[in-house]
Amino acid sequence: MAKILYEVKQNTNSASSAFGKWFANIKNLETLNTRRLANHISEHGSIYTPDVVFGVLEKFRSCLIEMLLESKKVKIDGLGTFYCTLENQKNGAVKKEDFNVGKHLKALHIRFLPEQAAEENISSREFLKKAEFINIESLVKGEETSPGTSPSPSQGGENSGGGNTSGGGSYDPIDEPNGD
């Protein structure tokens, strides 16, 4: 089973309704760049060399961006769908004919919606069920963890991920902006 490392941190944002509460945050060990991912893929019994895999991944990246910039969604079967959304400036244009892209648009975002078909579901709730959670402090202290005994977030416990399980995005109250 996959092992997700986390640490528990206190919300120190005094403007937050969750001020002083404790929440789990992912502890990433590293970030793989395209070259290292290509090496990893080629080590999984692939007949393709790392350079061939790297070339395919690079072509995928450039074509994904090209398709998104042509207002197309890109669905990768078994993984999910990439698509774009717009972020507008506050208060918008007073009249439709006054709307100006340069003035009223704040950002163009790339979004990702995980696969949700029953056999390949990696939505937030289903992904949560597939992972084992290990508190990074238990590794530092040298404590043993029991594989496959990850309690559900509602059960709490040493290996519980806790926090947001609502799907549809992440909620990190520690980095929460002013307000809720």
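Above this text is the structure in question.
Asker: Help me understand the side chain of N13 in this model?
Answerer: The residue N13 is located in the loop between β1 (2-10) and β2 (22-26) in this model. What makes N13 buried here is its relative accessible area of 13%. Among the polar contacts listed, one links the side chain of N13 to the backbone nitrogen of A15, at a separation of 3.0 Å.

Asker: Mind showing me how you'd approach the sheet that holds strand β3 (residues 74-76) here?
Answerer: What the three strands build is an open sheet, ordered β3-β4-β5; its pairing is antiparallel. The open sheet has two edge strands, β3 and β5 (105-114), and neither has a second partner. Recorded for the sheet is a direction-independent mean angle of 25° between the axes of neighbouring strands. One ladder, built from nine bridges, connects strand β4 (residues 80-88) with β5; its direction is antiparallel. Paired with C84 across the strands is I110, a residue of β5. Packing against the sheet, helix α2 (residues 50-68) makes contact with β3, β4 and β5, and its axis sits at approximately 45° to β4.

Asker: Explanation requested: the side chain of S42 in the structure shown.
Answerer: Within the secondary structure, S42 is located in helix α1 (residues 34-42). For S42, a relative accessible area of 14% gives the class buried. With near-sequence residues (within four places) excluded, S42 lies in contact with Y48, T49, P50 and V53.

Asker: I would appreciate a short explanation of the pattern of salt bridges in the present structure.
Answerer: Oppositely charged side chains can pair when the atoms bearing their charge come close. Applying the stated rule across the entire model yields nine salt bridges. Taking the shortest distance from any N to any O, the salt bridge between E70 and K72 comes out at 3.6 Å. You can call E70 partly exposed: its relative accessible area is 42%. K72 gets classed as partly exposed once you look at its relative accessible area, which sits at 41%. Ionic pairing is found between E87 and K106, a salt bridge with its closest N-O pair at 3.6 Å. With a gap of 19 residues between them, E87 in strand β4 and K106 in strand β5 connect regions that are remote in the sequence. Looking at E87, the relative accessible area reads 28%, which means it is partly exposed.

Cut-off values and rules
- Residues numbered from 1 in each chain as written.
- Predicted model: local features only at pLDDT ≥ 70, side-chain atom pairs only at ≥ 80, totals over all residues.
- Heavy atoms only, no water.
- Helix = DSSP H or I, 4+ residues; strand = E, 2+ residues; numbered from the N terminus.
- Buried < 20%, exposed > 50% of the residue type's maximum accessible area, 1.4 Å probe, protein only.
- Polar contact = N/O pair within 3.5 Å; in protein donor to acceptor, adjacent residues only side chain to side chain.
- Pairing = 2+ DSSP bridges.
- Axes fitted to C-alpha atoms, helices over the stretch in contact; angles between N-to-C directions.
- Contact = heavy atoms within 4.5 Å.
- Salt bridge = Lys/Arg side-chain N within 4 Å of Asp/Glu carboxyl O.

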